[in-house]
Amino acid sequence: MSEKPLLLEAREVAKHFGGVKALHDVSLTIRRGEIYGLIGPNGAGKTTFFNCLTGLYKNESGYFIFDGVKLQADAPHKAAAVGIARTFQNIRLFGNMTAIENVMVGRHLRTHAGVFGAISRNPATRAEEGAIVRRAEELLHYVGIHERAHDYAKHLSYGDQRRLEIARALATEPKLLALDEPAAGMNGTETEALRVLVEGICRDGVTVLLIEHDVKLVMGLCGRVAVLDYGEKICEDVPAVVQKDSRVIEAYLGGSVA
Amino acid sequence: MVRHQRLVAESLTMDTLLQQLINGLTLGAVYALVALGYTMVYGIIGLINFAHGEVVMIGTMVAFTVIVFLAGSGMSPLLILGIGLLVSVVVCMVLGWALERVAYRPLRHAPRLTPLITAIGMSIVLQNVAMIIWGRNYITFPPMINKQIYEVAGASFTNVQVAIVFLAALVMLGLIYLVHRTRIGMAMRATAQNPHVASLMGVDINRVIAMAFIIGSALGAVAGCMVGSYYEIAHYQMGFMLGLKAFTAAVLGGIGNLAGAMAGGLLLGLIEALGAGYIGDLTGNFLGSHYQDIFAFIVLIIVLMFRPSGLFGERTGDRA
Amino acid sequence: GKKEEPKAAAPAPAPAAAAPAPAPKPEIVVKIGHVAPLTGPIAHLGKDNENGARLAVDDANAKKIEIDGKVIKFELLGEDDQADPKTGTVVAQKLVDAKVAGVVGHLNSGTTIPASAIYNQSGLPQISPSATNPKYTQQGFNTAFRVMANDIQQGSVIGTYAAKDMGAKKFAIIDDRTAYGQGLADEVEKAAKAAGATVVAREFTNDKATDFKAILTKIKAKNPDVIFLGGMDAVGGPMLKQIKELGIKAKFTTGDGGCSPELIKLAGAASEGVICSQAGLPPEKLPNGQKFLEDFTKKYGQIQIYSPYSYDAVMVLVDAMKRANSVDPVKYLPEVGKTAYDGVTGKIEFDEKGDIKNGAITVFEIKDGKLTTLKSEGGTAAGK
Amino acid sequence: MNGHLKLLLIPGQRPWLGFLLLAAVLVAVPFVAALGGQAWVRIANFSILYIFLALGLNIVVGYAGLLDLGYVAFYAVGAYTYALLASPHFGIHLPFWVILPLGAGLACIFGVLLGAPTLKLRGDYLAIVTLGFGEIVRIFMNNLNAPINVTNGAQGITLIDPIRLGDFSFSQTSTLLGVSFSGPQKYYFLLVALALLVIVVNIRLQDSRIGRAWQAIREDEVAAKACGINTRNIKLLAFAMGASFGGIAGGVFSAMQGFVSPESFSLMESITILAMVVLGGMGHIPGVILGAVLLTGLPEALRYGIEPLQRGLFGRMIIDPESLRMLVFGLALVLVMRFRPAGLWPSSQRRRELAESADQP
Amino acid sequence: MLEVNGLRVSYGGIQAVRGITFHVNEGEMVALIGANGAGKSSTLRALSRLLDPAGGSVRYRGKELLALPPHRLVSEGIALVPEGRGVFPRMSSLENLRMGAYARNNKKEIESDLEQVLGHFPRLKERAQQLAGTLSGGEQQMLAIGRAMMSKPRLLLLDEPSMGLAPIMVQKIFEVICAVASEGMTILLVEQNAKLALEVSQRGYVMESGEITLTNESKALLTDPKVRASYLGE
Ligand SMILES: Nc1ncnc2c1ncn2[C@@H]1O[C@H](COP(=O)(O)OP(=O)(O)OP(=O)(O)O)[C@@H](O)[C@H]1O
Ligand SMILES: Nc1ncnc2c1ncn2[C@@H]1O[C@H](COP(=O)(O)OP(=O)(O)OP(=O)(O)O)[C@@H](O)[C@H]1O
Ligand SMILES: CC(C)C[C@H](N)C(=O)O
Ligand SMILES: [Mg+2]
Ligand SMILES: [Mg+2]
């Protein structure tokens, strides 16, 4: 495992909101091809970490090195451009667009047609448009919601919306896929299906960073797990070790492990 | 060259500056009063009530009518003014209620821009109704109040100006108290942020929204009376410009924020007064008072570039 | 059949007018168009103009004028151009379509100018009672006339008056940034400078403003002898009050836009001592002036500003028809140019451009709440 | 209906018959209108001009969801560009095919300049800033007669050249193939050609990568960013596109009127154009067209209709027709929005959105 | 206490709830489970009048609920913790909690309840002045539950209270739920964590595509092979 090259390195990332230290000098490294878990109690700073990574928030200090290059993530679209895609804890789909259109938007980054192409509908543009549709269809298949391709995103059930968000993120051809609580609101059976999906994504060469409160899922999926508490990393290791860490149990897991 | 410098010196004297500050402050207070009404409605349903300027206009018109009617009755002027104000407040409250009921309530769930167009439509309707009732001509305020002119350090102001500034401050404080310290105020804020959940908490949102319109319109009436007694002139189209300025003021301060509306109004008044008063001299008459309205917008744009939700901008409570 | 072929085809499409001799019809209808903004901020002026024209039509009808052997019944077609240039062209076309024999209007230069091209193409005489932008008659249209002094004419009179007769050395000039206010104020500035005075302050406002304290304060610091306003009475009224509140001592002068009973109404006591100018001669000096005043007031209430001019404009058209003995625009248009008519505002003659020739300008002072004549400049025969 | 129009306008689809029909109707309009008088041809022309403007604004408001209350600024830029380069004012008389693209380009630059500082702003803040820009442009046009006389201030610019192709001038009546065309009728055909152009552009943009990006921004800007959309550029693009249409419309307006002055570019004009977009059906091309035609035509139709209507109802004139006319106009706005909140002719999608949001928490 | 009869909900043309019938007895805790999109949230929304049902009746303590305007429910003793939390984003946590007690008058009682709720959720105490919209997902969930409790309901409708909560908080919240239930509050619980829901409740209903397909004692449902396969992920 440790031979695998680094993909993401976070160095002493810090973020405050007024008096609240949401992230306090958090450092961690993620290797290519792994599924890396990020857990911690509510309000520990997990989502904030995602937001800093993807350029939605600006961290006050520290930095990220992604794929060997220091991230200039002052704008989310730049983060997406270098290969970081994400989903949102509170699902953020384009509700009034169909499922397939949502995924097609995800292709924006990797396609080029501009105004003149659009107006003239030249062969190159038409070819590109065709490719976008095909890729979007493939991705919907991949996450298993192709039957709903032409339904409005907001009409999909919760679980399907989560899948659609993943498909949209994958459409940007990410190297790192960051998932924020993808299993929230799913029952055991649905979570199981999600596990299979995430495993597949990883197998297909995308590194996954996963925030999740479903301990069973995290422990089953992740190679390594970091635990945040009050903005600080209190532990980072393989699941088996993390699960036994007394600080983690006290702050996060509580008495019974679900 | 020499002459130019002398002119600059003349206009930069202390008494002129003081006078301009007084001018700006009064104008600003007028804007602020109107802006408070805008903000009241905006704060609760996110609607730019373009018809608010017309409510102000109706307020002025009604007050004028009542005062003219009573002018010969031998009552004391102060009493007549009071009655005028009262009647106008009541009429505007009814108007505000009716507006909400007839024009806006059916559109609660409509796309965002729909009520905006309705508001514009209502504003046209109200203007033309006013034109039919009060005619096309300018109307003057009967000289009821003895305008007292005070002089301080070379600058002059009137009792009406004092009353306006005082009243604006009073109204704003009252509103802030209402919105932030009372139960109905809390219900208003909750309704503004999530009407469905607010009704789960036991808030009758129809009532609360109607209240906001009624209070906003009452403020409009008060503003109308102030504007009327300050400028002593009224016209069925006076509401449009006033409304626009007030809207600008409200945005400048952070629309939806009461203190912001007040601050925005005052700031706008001061910018206009100082802008018109000094820019000409400062730019060697390259820019003059004909660019007065531009200063206001430029300040607005600069403020919004640095504070995208206005000076006192509502804290957003948005996050990814 | 195809419609409108201006000029060339004009004789044909004026059936109401033409219908030559045979039928001994006692009465035929001749339509006269009138355009002004009847809605919007200056609708009060628009209605005033329309009322003036209406009174003229009524008076003309009362006289049972006979042209080419027929009794003419005039009918006024009043249109609202909303002071909007685009609407102005649409209603102009509408009047052309309706086959009016001539047009009185529009009120604003902004609508008068684009509309004038349409009237010109159709060969219809157009007389504006109130558009004062010099450009209106400089376009080379033989159909464009006005019975009102243009900004240059008037500006120089009032400017010179203030500098010479009032002896003002230091001028403060304000305009409302409308075509009218701007044009007039510029001319006053020129005249004042020509007369050796200096302009110590040039300030601006707009036609919808009610608060002028900022610019007035600035003016106060410059201590002028006279303040000139290029703008309307609705601006002048509140401005005068604020001048008083600020304790400014300078004399206040303004042009026709502010030279109205309305100004006195709006400014109240503060209007005392205001000097202002109007085109034409004072009504009391004119035989028909007083009667017009009485008739108008009885019928429509107070005059705003321009109704006497729109009254005259209609009468000029009627007069030209009489002289040409035809109501056909093609025939009587040349006669409009040759007008020499004694109107309620003075003697009306046009120069080759269509501007009023040697138009009289009268300077008034407001005394005891009334416009009192101080002096008349120019103007031919009738006045002097 | 909706589908029909689309079919008619998207080349490559079958129904030639429909195409011909539409063409026939379009050709017939100026002649039928002329039966009611040339004024109706002019009204038709203004309707098309407003279709043009409304479709331009539709890109900004309808597609990208940016509330722009200062659209008239671009219209003004185009109009003045034409006026200054084809009138005795500077004594320059360039041909229209030089000026129109120039005006479009200039307006486009303005669009970007004005758009740039506003990008961070949300909803109504954007509205007021664009409103401010619109006013700034108008105020400059109104005042740039001194120290150097650029725009001739409030007096406006007169004697602007009509559009002319060789010695075929659009302002005069001329006979072609035995049919006589009045000036307005000729402008009509020019305007129709331009309008078809803007319609095609609108349709094609909507169904494109760019169009999707606009819609995404409208739906959820944060999510759009996270999808890698450079929201700044995409928004600027919307402003620029919309603005250049405004610029062209302005140029044609200048030529048609022969006169421009700042009063044609007031805030009310921006508001009217916005009302056309919203009232017709935002984001939906046939709806926007309907909105533009209706809002230009209605006040004029009322001009003809209000008097007979009143006489019919009450037997006499109770209220001045013109007060009533605007009153009815205002009421019409209110009523349409009341009963068709998504616009008179919304896209099926929007109608659906609305139906649902009504009972959604 | 609550009798639902033939309740139907539709969105536009889509039927989300197709005439379901169930009841909740006084003092009971009842679980409603089902897959994504089964119609559970729609049911709760209809009960709490967030949306108008297409048909059916809801009797609550003998009264027809559907006849009441939504804002009267809270004074009848019904509170909902909505899906997606529905906090007032630009009000502080504290103000949100106070909004929960909007329909109550007794100031003293309100203050002591406030202390109690903050005692349950110390995290909220730390974040008392923060705008609710900026709270983390889990914090908002606690706030929504706390707010519902502030109204002192007789009948508490919970829509996925455990969503987005850390395991330790899930435990905590279920402890709180059980505590209030033991004090006599009646609870209708919608949960994806079916195992947990069935463990704490007395009875359960299973919803599938807008219909109730199964009902039984919770203990029995926990061992039902179909339930185990479909909802417990085994
Ligand atoms: N925009 C903001 N303004 C103020 N405080 C914030 C903001 N965003 C986050 N916080 C605070 O920062 C802390 C970390 O929040 P974050 O959303 O990262 O938590 P989290 O680990 O994702 O929690 P959860 O598991 O509940 O989603 C929280 O206490 C939260 O209240
Ligand atoms: N606002 C809406 N508009 C249209 N359809 C909706 C809406 N809300 C829900 N639906 C549809 O109604 C059905 C039931 O949804 P509901 O939210 O009640 O399910 P649920 O059982 O709560 O699912 P979950 O466990 O995912 O929350 C679903 O098919 C969903 O797609
Ligand atoms: C009514 C006035 C403002 C009209 C002015 N004389 C003009 O030329 O436009
Ligand atoms: Mg989180
Ligand atoms: Mg649900």
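Conventions used here
- Residues numbered from 1 in each chain as written.
- Chains lettered and ligands numbered in written order.
- Predicted model: local features only at pLDDT ≥ 70, side-chain atom pairs only at ≥ 80, totals over all residues.
- Heavy atoms only, no water.
- UniProt positions renumbered as here; feature names shortened; annotations may be inferred.
- Helix = DSSP H or I, 4+ residues; strand = E, 2+ residues; numbered from the N terminus.
- Rg over C-alpha atoms; globule rule 2.2 N^0.38 Å.
- Buried < 20%, exposed > 50% of the residue type's maximum accessible area, 1.4 Å probe, protein only.
- Contact = heavy atoms within 4.5 Å.
- Areas by Shrake-Rupley, 256 points an atom, 1.4 Å probe, with all protein chains shown as cover.
- Lys, Arg positive; Asp, Glu negative; His and termini not counted.
- Charge placed at Lys NZ, Arg CZ, Asp CG, Glu CD.
- pLDDT = per-residue confidence, 0-100.
- Donors = N, O, S within 2.8 Å, 3.2 Å for Na, K, Ca; no water.
- Near = heavy atom within 4 Å.
- Polar contact = N/O pair within 3.5 Å; in protein donor to acceptor, adjacent residues only side chain to side chain.
- Nonpolar A, V, L, I, M, F, W, Y, C, P; charged D, E, K, R; others polar.
- Pairing = 2+ DSSP bridges.
- Buried area = accessible area lost by both parts, 1.4 Å probe.
- Salt bridge = Lys/Arg side-chain N within 4 Å of Asp/Glu carboxyl O.
- Phe/Tyr/Trp six-rings, centres within 6.5 Å; stacked < 30°, edge-to-face > 60°.
- Lys NZ or Arg CZ within 6 Å of the ring centre and 35° of its normal.
- Patch = residues over 30% accessible without salt bridge, like charges linked within 9 Å, V, L, I, M, F, W, Y side chains within 5 Å.
- Core = buried A, V, L, I, M, F, W, Y, C linked by side-chain atoms within 4.5 Å.
- Disulfide = S-S within 2.5 Å.

As annotated in an unreviewed UniProt entry, chain B carries the name LIV-I protein H and comes from Candidatus Accumulibacter cognatus. Here is the UniProt Sequence similarities (unreviewed entry) comment for chain B, exactly as written: "Belongs to the binding-protein-dependent transport system permease family. LivHM subfamily." Entered under Subcellular location (unreviewed entry) in the UniProt record, the comment concerning chain B runs "Cell membrane".

Novice: I tried to follow the overall build of chain C on my own but got confused; where do I start?
Specialist: Each helix and strand counted, chain C has 11 helices and 15 strands in total. Its C-alpha radius of gyration of 21 Å places chain C within 12% of the 21 Å reference for a compact globule of 384 residues. Taken along its principal axes, the extent of the C-alpha atoms in chain C is 75 × 40 × 35 Å. Looking at chain C residue by residue over its 384 residues, the buried ones come to 67%. For chain C, restricting intrachain contacts to residue pairs at least 6 apart in sequence, the fraction spanning at least 24 positions comes to 67%. Carbon and sulfur atoms make up 54% of the accessible area of chain C, which totals about 12,300 Å². If you average the places of the 48 positive and of the 46 negative side-chain charges in chain C, the two averages end up 1 Å apart.

Novice: How should the confidence of the model for chain C be read in this particular structure?
Specialist: Detailed reading of the predicted model is not advised wherever pLDDT is low. Residue and element names in this part refer to chain C. Confidence in the prediction for chain C averages 87 pLDDT; 91% of positions are at 70 or higher. Throughout residues 1-19 the model reports pLDDT below 50, and contacts reaching past four residues in sequence, or to other chains, amount to 32 contacts. Here residues 379-384 is modelled with pLDDT under 50, and outside its nearest four sequence neighbours on either side it reaches 14 contacts, counting other chains as well. Of the two predicted TM-score estimates for the complex, the pTM is 0.90 and the ipTM is 0.88.

Novice: Just to check I follow, could you spell out the coordination of the magnesium ion (ligand 4) for this structure?
Specialist: Residues and elements named next belong to chain A. Within the first shell, the magnesium ion (ligand 4) binds the protein through Thr47 (OG1) and Gln89 (OE1), at distances of 1.9 to 2.0 Å. Here the residue Thr47 occupies a position in helix H1 (residues 46-53), and Gln89 occupies one in the loop between strand E6 (84-86) and helix H3 (99-106), the gap between them amounting to 42 residues. We note that Thr47, like Gln89, is buried.

Novice: What's the story with the site of ligand 2 in this structure? I'm lost.
Specialist: Taken together, 17 residues sit near ligand 2, with A:His155, E:Ser41, E:Ser42, E:Glu83 and E:Gln192 positioned nearest. Around ligand 2 the close residues trace back to chains A, D and E. E:Gly37 is positioned with one of its backbone polar atoms (N or O) 2.7 Å from an oxygen atom of ligand 2. E:Gly39 places a main-chain nitrogen or oxygen 2.8 Å from an oxygen atom of ligand 2. Notes on ligand 2: free accessible area 630 Å², of which the protein chains cover 89%. Of all the elements, helix H1 (residues 40-47) of chain E adds the most residues to the shell around ligand 2, at four residues. Tallied by class, residues from the shell around ligand 2 come to five nonpolar, eight polar and four charged.

Novice: For this particular structure, what's the right way to read the sheet that holds strand E2 (residues 14-24) of chain E?
Specialist: Sheet strands associate in pairs through backbone hydrogen bonding, adopting either a parallel or an antiparallel arrangement. Residue and element names in this part refer to chain E. Across the sheet, four strands lie side by side as E2-E1-E4-E5; this open sheet has antiparallel pairing. Edge positions in the sheet fall to E2 and strand E5 (63-64), since each of these pairs with one other strand and no more. Of the pairings in the sheet, the one linking strand E4 (residues 55-60) to E5 comprises two bridges and is antiparallel in character. Bridge pairing links Arg59 to Glu64 in E5.

Novice: Is there a simple way to think about the coordination of the magnesium ion (ligand 5) in this case?
Specialist: Octahedral metals with six donors have ideal donor angles of 90 or 180 degrees. Tetrahedral metals with four donors have an ideal donor angle of 109.5 degrees. At this site the magnesium ion (ligand 5) is bound by E:Ser41 (OG) and E:Glu83 (OE), with donor distances of 1.8 to 2.2 Å. Residue E:Ser41 is found in helix H1, and its partner E:Glu83 is found in the loop between strand E6 (78-81) and helix H3 (93-100); the two are separated by 42 residues along the sequence.

Novice: Where do I start with the environment of A:His150 in this structure?
Specialist: Topologically, A:His150 is positioned in the loop between helix H5 (123-143) and helix H6 (158-171). The class of A:His150 is exposed, set by a relative accessible area of 62%.

Novice: Would you explain the interface of chain A and chain D in this entry?
Specialist: Often the size quoted for an interface is simply the accessible area lost on bringing the parts together. Contacts between chain A and chain D engage 35 residues on the former and 30 residues on the latter. Counting the surface lost from both chain A and chain D, the interface buries some 3,000 Å², and carbon and sulfur atoms represent 61% of this. Interface area lost by chain A to chain D is led by A:His77, A:His108 and A:Arg121, which between them contribute 21%. Along the contact surface separating chain A from chain D lie two salt bridges. Counting the contacts that link chain A with chain D gives 11 residue pairs in polar contact (both at pLDDT 80 or more). If you list the elements that add at least two residues to the side of chain A that touches chain D, you get helix H2 (76-82), H3, helix H4 (115-120) and H5 of chain A. In terms of residue class, the side of chain A that touches chain D is built from 16 nonpolar, 11 polar and eight charged.

Novice: Just checking my understanding: could you explain the packing of aromatic side chains for this structure?
Specialist: Ring pairs (aromatic) are described by centroid distance and by the angle formed between their planes. Within the structure shown, the criterion is met by 24 aromatic pairs over all chains. Seen in terms of ring centroids, C:Phe145 and C:Phe350 are 4.9 Å apart; in terms of plane orientation they differ by 50°. Their pairing is tilted. Of this pair, C:Phe145 sits in strand E6 (residues 144-146) while C:Phe350 is found in the loop between strand E13 (346-349) and strand E14 (361-367), placing the two residues 205 residues apart along the sequence. Taking 5.9 Å as the distance between ring centres and 90° as the angle between the ring planes, the aromatic pair formed by D:Phe52 and D:Phe245 counts as edge-to-face. Of this pair, D:Phe52 sits in helix H3 (residues 38-63) while D:Phe245 sits in helix H10 (residues 231-257), placing them 193 residues apart in sequence. A relative accessible area of 7% means that D:Phe245 is categorised as buried. The ring of A:Phe88 has A:Arg92 lying over it, and the distance from NZ or CZ to the ring centre is 5.8 Å. In this structure, A:Arg168 is placed above the aromatic ring of A:Phe94, and the distance from its NZ or CZ to the ring centre is 4.7 Å.

Novice: What's the story with the interface of chain D and chain B in this structure? I'm lost.
Specialist: The interface is formed by 52 residues belonging to chain D together with 51 residues belonging to chain B. Summing both sides of the interface, chain D and chain B together bury roughly 4,300 Å²; the carbon and sulfur share of this comes to 77%. Its largest share of buried area at the contact with chain B, chain D owes to D:Asp124, D:Tyr125 and D:Ile128, together 15% of the area lost on that side. Between the two partners, chain D and chain B, sit one salt bridge.

Novice: Teacher, can you tell me more about a nonpolar patch on the surface here?
Specialist: All names here are of chain B. Together, Ile298, Ile302, Met305 and Phe306 line one region of the surface with nonpolar side chains, adding up to about 400 Å² of accessible area. Mapped onto the elements, Phe306 comes out in helix H12 (residues 292-306). Overall, the relative accessible area of 68% leaves Phe306 in the exposed class.

Novice: Would you mind showing me how to read the pattern of salt bridges here?
Specialist: Working definition: two side chains of opposite charge can pair if their charged atoms are close together. Evaluation of the coordinates by the stated rule reveals 64 salt bridges over all chains. Between C:Glu189 and C:Lys193 there is a salt bridge, with the nearest N and O atoms lying 2.9 Å from each other. Here C:Glu189 pairs with C:Lys193, and both are found in helix H5 (residues 179-194), just four residues apart, close to one helical turn. According to the relative accessible area criterion, C:Glu189 is buried, its value standing at 18%. Across the pair E:Arg98 and E:Glu111 runs a salt bridge whose closest N-O atoms are separated by 2.7 Å. Linking E:Arg98 in helix H3 with E:Glu111 in helix H4 (residues 107-120), this pair joins segments that are 13 residues apart in sequence. E:Arg98 sits in the partly exposed class, given a relative accessible area of 30%. Note on E:Glu111: relative accessible area 38%, which makes it partly exposed.

Novice: Got a minute to help me understand the nonpolar core in this structure?
Specialist: D:Trp214, D:Leu274 and E:Leu47 are the most contacted members of the largest nonpolar core, which has 274 residues in total. By residue number, the principal contributor to this core is H3(D), which donates 16 residues. Discounting chain neighbours no more than four positions away, the residues touching D:Leu274 are B:Leu113, B:Leu116, B:Ile117, D:Leu57, D:Val61, D:Leu67 and D:Leu69. In terms of nonpolar packing, the next biggest core, distinct from the first, is built from 69 residues, C:Val30, C:Ala162, C:Val327 and C:Ile356 among them.

Novice: Sorry if this is basic, but what is going on with the state of the cysteines here?
Specialist: Two cysteines joined by a covalent bond between their sulfur atoms form a disulfide. Following the criterion strictly, the structure yields one disulfide over all chains and no others. Covalently, C:Cys259 is tied to C:Cys276 through a disulfide, its sulfur atoms 2.1 Å apart. Between C:Cys259 and C:Cys276 the disulfide shows an S-S torsion of about 60°. By sign, it is right-handed. Of this pair, C:Cys259 sits in the loop between strand E10 (251-254) and helix H8 (261-267) while C:Cys276 sits in strand E11 (residues 275-279), and the two are 17 residues apart along the sequence. As a non-bridged cysteine, A:Cys202 has A:Cys222 as the owner of its nearest cysteine sulfur, 9.7 Å distant. Counting only cysteine sulfurs, A:Cys222 is the nearest neighbor of A:Cys235, a cysteine outside any disulfide, at a range of 13 Å.

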